[in-house]
Amino acid sequence: MLSVGLDIGSITTKIAVMENRKLVFTDLSFTGYNAEKAWKEILEKTLDRLQIGGGSVDRIVSTGYGRKNVAIADKTITEIMCHAEGARYSFPNVKSVIDIGGQDSKFIKLADNGDVSDFVMNDKCAAGTGRFLEVMSRALELNLEEFGKLSLLAKKPSKISSMCTVFAESEIISLIAKGESRENIIAGIHESIASRMASMMGRSGVLTPVVMTGGVAKNAGVRNALEKRLNIKIEVPATAQVNGAIGAAILAQKL
């Protein structure tokens, strides 16, 4: 069976193609203002690259905030279910999933049979998300790749008291004016994100092994801050950013 998972996120649209539980292709592109255009373009590009016709696809599942825009989907499934399934594909024994995306954060707990047993989600505020990190990196005139690496060189993380994007940016500008190093400022940002995420996770309780997915999982500084805060090891799959699409493709095979 050939299945496709489409994850239409607020910042990026992801696609995963699976053939009989084997992952054969993934890709991502910016969503932009038109979610329908984004998924159509990435699907067409993928089918052309794999040299298969649309009629060869047996099932399509869509997820993400724009999932209802995918008119050809056989089913729409929540990000919670898809990220849990995607994490299990990379780490079969996973018990907890941290997913920090473009504009929301999720913590998911799995039962022994792999079903979702509990979850906590912050989708009302962009604090601590990919969008938050983008604004902070611009304030420090760095790209996101540099942002993650530099924080690991910090000697004394700065104190960032606000997680509101607007107020935190003002704090950073004040710290720059005082001559604080970029490394310390970035480490402080990452520690504030870890503190917020740990508080959210504490409402449900953390079980190990823990897997981190989403675009922010690529940021080594955030992962390091979370590991120190929670005193646990966090696994990150190579396919972290397209994890939701992988989960959707897997669930499509079960329809």
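Residues numbered from 1 in each chain as written. Predicted model: local features only at pLDDT ≥ 70, side-chain atom pairs only at ≥ 80, totals over all residues. Heavy atoms only, no water.

A. Structural context of the overall build of the protein. The secondary structure content of the protein amounts to 8 helices and 10 strands. Here the protein has a C-alpha radius of gyration of 19 Å; the compact-globule value for 255 residues is 18 Å, and the two agree. Its C-alpha atoms put the protein at 60 × 40 × 30 Å along the principal axes. Classification of the 255 residues of the protein by burial places 51% in the buried group. For the protein, long-range pairs separated by at least 24 residues make up 66% of all intrachain contacts whose partners lie at least 6 apart in sequence. Looking at the protein as shown, the accessible area adds up to about 12,100 Å², and 48% of this sits on carbon and sulfur atoms. Side chains of the protein carry 32 positive and 28 negative charges; the gap between the two charge centres is 4 Å. (Helix = DSSP H or I, 4+ residues; strand = E, 2+ residues; numbered from the N terminus. Rg over C-alpha atoms; globule rule 2.2 N^0.38 Å. Buried < 20%, exposed > 50% of the residue type's maximum accessible area, 1.4 Å probe, protein only. Contact = heavy atoms within 4.5 Å. Areas by Shrake-Rupley, 256 points an atom, 1.4 Å probe, with all protein chains shown as cover. Lys, Arg positive; Asp, Glu negative; His and termini not counted. Charge placed at Lys NZ, Arg CZ, Asp CG, Glu CD.)

B. Here's a closer look at helix 2 (residues 79-90). Helix length check: helix 2 (12 residues) gives 17 Å between terminal C-alpha atoms against 16 Å at 1.5 Å per residue, within 8%. Within helix 2, burial applies to Glu79, Ile80, Cys82, His83, Ala84, Glu85, Gly86 and Ala87. (Expected span 1.5 Å × (residues − 1).)

C. Spotlight on the pairing of strand 8 (residues 116-122). Note: strand 7 (residues 105-110) against strand 8, 6 bridges, orientation antiparallel. Its bridge partner being in strand 8, phenylalanine 107 is matched across the sheet by valine 120. In sequence, strand 7 turns back onto strand 8 through a hairpin of 5 residues, with glycine 114 there showing a positive phi of about 95°. (Pairing = 2+ DSSP bridges.)

D. Molecular detail of the sheet that holds strand 9 (residues 210-213). Taken in spatial order, the 5 strands line up as 8-7-6-9-10 in an open sheet, and their pairing is mixed. Among the strands making up the open sheet, the edge pair consists of strand 8 and strand 10 (234-235).

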